[in-house]
Amino acid sequence: MSNKIPPPLIDATAHSNDLTFSGMSSADFSLHSHSITSGQPFDGVKSIGGGTIRVTAGRKKSSGVADWFNAQPSGAKLPTHTELHAPDSLNFAMSGTLTLNDGNGPIVCPNFVIAQGNYGSVNYWWITAPGMVETDYDVQYLGKAGTLQCTQNGRAVQVHFTTESQSNANSHTIIVKVTH
């Protein structure tokens with residue numbers, strides 16, 4: 001008989017994962033569906049004020065979560081950390097309705113997809129939605145930016161997301177500007 005010690009259990013700790021939409025007075029995310037690495041906790045998403053949402057979930061990346069993210073109906077995929085292609089492994093991903101407020105009323109972006117991955121010790125985010133197009137709006141160096149048509153007070157608005165630029169080196173912040 002062997003006295004082998006069983007392998008350690010997967011680190012299944014729920015972490016507070018905050019994503020800030022800079023320039024917005026509030027942010028909320030209405031969850032429709034999600035994917036997370038097997039065995040990891042997912043306790044949902046909530047608004048914590050100041051344009052920030054918090055996802056309470058485990059942080060173990062897998063290719064299955066990336067496959068789910070890449071299969072979602074989407075446009076341009078924007079990372080908050082310089083990447084050259086779609087992600088091949090992620091911690092978690094979720095789709096739903098993103099509602100932002102810039103002080104002029106709610107900005108509603110349906111079918112929005114948010115995901116988190118990591119590179120070494122840095123956790124970073126991906127965003128996409130059907131109709132999002134990559135642009136050079138407000139990008140000052142190797143960053144990424146995208147524009148998406150959403151609605152504000154029943155009217156179409158262009159929402160510009162800048163995920164990484166000289167003015168935004170934070171992998172937990174997305175700069176948001178709205179034009180009419």
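Structure: see above.
Heads up: these notes are all about the structure in this document. (Residues numbered from 1 in each chain as written. Predicted model: local features only at pLDDT ≥ 70, side-chain atom pairs only at ≥ 80, totals over all residues. Heavy atoms only, no water.)

## Digging into helix H1 (residues 63-71)
Defined as follows: Here's how the labels work: a residue is buried when its accessible area is under 20% of the maximum for its type, exposed when over 50%, partly exposed in between, all with a 1.4 Å probe on protein chains only. In this text, helices come from DSSP runs of H or I with a minimum length of four residues, and strands from runs of E with a minimum of two, each type numbered from the N-terminal end. An arc is given here, and it is the one of the directions from the helix axis to the C-beta atoms. Contact criterion: two residues are considered in contact whenever any of their non-hydrogen atoms come within 4.5 Å of each other.
Listed in full, the buried residues belonging to H1 are Val65, Ala66 and Phe69. Relative to the axis of H1, the buried residues are bounded by an arc of 100° and lie together on one face. What points out from H1, more than 90 degrees from its buried face, is the exposed set Asp67 and Ala71. Packed against the buried residues of H1 are strand S2 (26-36), strand S6 (92-101), strand S7 (106-119) and strand S8 (122-128).

## Things to note about the environment of Leu100
Assignment of secondary structure puts Leu100 in strand S6. The class for Leu100 is buried, based on a relative accessible area of 0%. Between the C-alpha atom of Leu100 and that of Ala27, which follows or precedes it by 73 residues, the distance is 4.5 Å.

## Describing the packing of aromatic side chains
In plain terms, the rule: For Phe, Tyr and Trp, rings pair up if their centres lie within 6.5 Å, where Trp contributes its six-membered ring, and each pair is then called stacked (planes under 30 degrees apart), edge-to-face (over 60) or tilted (otherwise).
The full count for this structure, using the stated rule, is four aromatic pairs. Relative to Trp125, the ring of Phe92 lies with its centre 5.8 Å away and its plane at 75°, an arrangement referred to as edge-to-face. Of the two residues, Phe92 is situated in strand S6 and Trp125 in strand S8; the sequence distance between them amounts to 33 residues. For Phe92, a relative accessible area of 0% gives the class buried. Aromatic pair Phe112 and Phe161: ring centres 5.5 Å apart, planes at 45°, arrangement tilted. Residue Phe112 is located in strand S7, and its partner Phe161 is located in strand S11 (residues 155-162); the two are separated by 49 residues in the primary sequence. Assessed through its relative accessible area of 0%, Phe161 is described here as buried. What links up through ring pairs into an aromatic cluster is the set Phe42, Phe92 and Trp125.

## Focus on the state of the cysteines
We count it as follows: In what follows, a disulfide is any cysteine sulfur pair within 2.5 Å.
In total, this model carries one disulfide according to the counting rule given. Here Cys109 connects covalently by a disulfide to Cys150, the sulfurs 2.2 Å from one another. Negative torsions about the S-S bond denote left-handed disulfides, and the value of about 110° found for Cys109 with Cys150 makes this one right-handed. You can see Cys109 sitting in strand S7 and its partner Cys150 sitting in strand S10 (residues 145-152), a full 41 residues away along the chain.

## A closer look at the side chain of Gln72
Formally: Polar contact is defined as a pair of N or O atoms within 3.5 Å, subject to the rule that within protein one atom must be able to donate a hydrogen and the other to accept it, and that residues adjacent in sequence are counted only when both atoms are side-chain atoms.
Relative to the elements of secondary structure, Gln72 occurs in the loop between H1 and strand S5 (78-79). Among the residues examined, Gln72 registers a relative accessible area of 17% and is labelled buried. For Gln72, the side chain forms a polar contact with the main-chain oxygen of Trp68, separated by 3.1 Å. Leave out the neighbours within four places in its chain, and Gln72 touches Ser95 and Val113.

None of this, on its own, says anything about what the molecule does.
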